[in-house]
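# Observations on the three-dimensional arrangement
Chain by chain, the residues run as shown.
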Amino acid sequence: DQQVKQNSPSLSVQEGRISILNCDYTNSMFDYFLWYKKYPAEGPTFLISISSIKDKNEDGRFTVFLNKSAKHLSLHIVPSQPGDSAVYFCAASETGGGNKLTFGTGTQLKVEL
Amino acid sequence: EPEVTQTPSHQVTQMGQEVILRCVPISNHLYFYWYRQILGQKVEFLVSFYNNEISEKSEIFDDQFSVERPDGSNFTLKIRSTKLEDSAMYFCASSGAAFYEQYFGPGTRLTVT
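The paragraphs below set out a description of the structure included in this document.

Calculation criteria
- Residues numbered from 1 in each chain as written.
- Chains lettered and ligands numbered in written order.
- Predicted model: local features only at pLDDT ≥ 70, side-chain atom pairs only at ≥ 80, totals over all residues.
- Heavy atoms only, no water.
- Phe/Tyr/Trp six-rings, centres within 6.5 Å; stacked < 30°, edge-to-face > 60°.
- Helix = DSSP H or I, 4+ residues; strand = E, 2+ residues; numbered from the N terminus.
- Buried < 20%, exposed > 50% of the residue type's maximum accessible area, 1.4 Å probe, protein only.
- Salt bridge = Lys/Arg side-chain N within 4 Å of Asp/Glu carboxyl O.
- Contact = heavy atoms within 4.5 Å.
- Buried area = accessible area lost by both parts, 1.4 Å probe.
- Polar contact = N/O pair within 3.5 Å; in protein donor to acceptor, adjacent residues only side chain to side chain.
- Nonpolar A, V, L, I, M, F, W, Y, C, P; charged D, E, K, R; others polar.
- Lys, Arg positive; Asp, Glu negative; His and termini not counted.

### Examining the packing of aromatic side chains
If you walk through the whole model with that rule in mind, you get 22 aromatic pairs over all chains. Ring centres of Tyr-36 of chain A and Phe-103 of chain A lie 5.7 Å apart, and the angle between their planes is 50°; on these two criteria the pair is classed as tilted. Of this pair, Tyr-36 of chain A sits in strand E4 (residues 32-38) while Phe-103 of chain A is found in strand E10 (residues 102-103), placing the two residues 67 residues apart along the sequence. The buried category is assigned to Tyr-36 of chain A, whose relative accessible area is 0%. Measuring from ring centre to ring centre gives 6.4 Å for Tyr-33 of chain B and Tyr-35 of chain B, while their planes differ by 45°; the resulting arrangement is tilted. Relative accessible area serves as the criterion here: at 0%, Tyr-35 of chain B is assigned to the buried category.

### Considering unusual backbone geometry
The linkage connecting Val-78 of chain A with the following residue, Pro-79 of chain A, adopts the cis geometry, with an omega of -10°. Relative to the assigned elements, Pro-79 of chain A resides in the loop between strand E8 (72-77) and strand E9 (86-93). Looking along the chain, the bond that leaves Thr-7 of chain B and enters Pro-8 of chain B is cis, with omega of -10°. Looking at where Pro-8 of chain B falls in the secondary structure, it is placed in the loop between strand E1 (5-7) and strand E2 (10-13). Positioned with a positive phi, Lys-71 of chain A is a non-glycine residue whose angle comes to about 50°. Take Lys-71 of chain A: it is sitting in the loop between strand E7 (62-67) and E8.

### Considering the pattern of salt bridges
Between side chains of opposite charge, a pair can form when the charged atoms approach closely. The final tally for this structure, using the stated rule, is four salt bridges over all chains. Of the charged contacts in the structure, one is a salt bridge between Lys-110 of chain A and Glu-112 of chain A, with a shortest N-O distance of 4.0 Å. Under the relative-accessibility criterion, Lys-110 of chain A is labelled partly exposed at 49%. When the shortest N-O distance is used, the salt bridge between Asp-62 of chain B and Lys-83 of chain B registers 4.0 Å. You can see Asp-62 of chain B sitting in the loop between strand E6 (53-57) and strand E7 (65-68) and its partner Lys-83 of chain B sitting in the loop between strand E8 (75-79) and strand E9 (88-95), a full 21 residues away along the chain. Using a relative accessible area of 32% as the deciding quantity, one classes Lys-83 of chain B as partly exposed.

### Considerations on the interface of chain A and chain B
Across the contact, 27 residues belong to chain A and 19 residues belong to chain B. Here chain A and chain B share an interface that buries about 1,800 Å² over both sides, 60% of which is from carbon and sulfur atoms. Summed over the shared surface of chain A and chain B, the result is zero salt bridges. In this assembly, chain A and chain B are joined by eight residue pairs in polar contact (both at pLDDT 80 or more). Those elements that place two or more of their residues in the side of chain A that touches chain B are E4, strand E5 (45-51) and E9 of chain A. The element contributing the most residues to the side of chain A that touches chain B is E4 of chain A, with four residues. Broken down by class, the residue content of the side of chain A that touches chain B amounts to ten nonpolar, eleven polar and six charged.

### Considerations on the side chain of Asp-31 of chain A
Residues and elements named next belong to chain A. Along the chain, Asp-31 falls in the loop between strand E3 (19-25) and E4. For the buried residue Asp-31, which engages in no salt bridge, the nearest side chain bearing the opposite charge is Lys-68, 9.0 Å off. Here Thr-95 takes part through its side chain, which lies 2.2 Å from a polar atom of the side chain of Asp-31.

Take a look at the structure:
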């Protein structure tokens, strides 16, 4: 069951540059999308979300873009900082599903000095 | 900043034993969840709970699992007779008015031997 896919298991970016993390989904009933960051031995930390009625949401250095026709979303981090190094999970939810989040497999981001 | 807390951080138990994992959600939140992550795999939804009843559960959440909100602050997950394959990191989460935006605890690592 791969309703939410993150095809890049890892990404390496230089400090100060843009990090772009990608996520694809197959379930057209998903209407809310979220990004979480996770450090080892900690729980996922909520970063930013977007409703399916929007195509962009911005919060500080983080921007999420949603392309519904392509069933694709991306997270942009600008500028990237060493503290951003973590695993990033994309998650999705559909109305009426008890708020259940379906997670992707994650992308390990490494921000290098 | 309010946060979700979980105890214990690590639980070791023998196969066939009952375990109870405990969580204290964020105090004004009304929706509560359990997820798990088997080592190297995705974060998977187990159950959501609202207004003192289960609102959604996954196929993983069989008769061996139960949840309870015994008082105004705690939220527990009980596994009646643990199996080796129940070994995983178990995360509790809660959400408020923005119910899709779920805040996760640090997790309980359950090891079944």
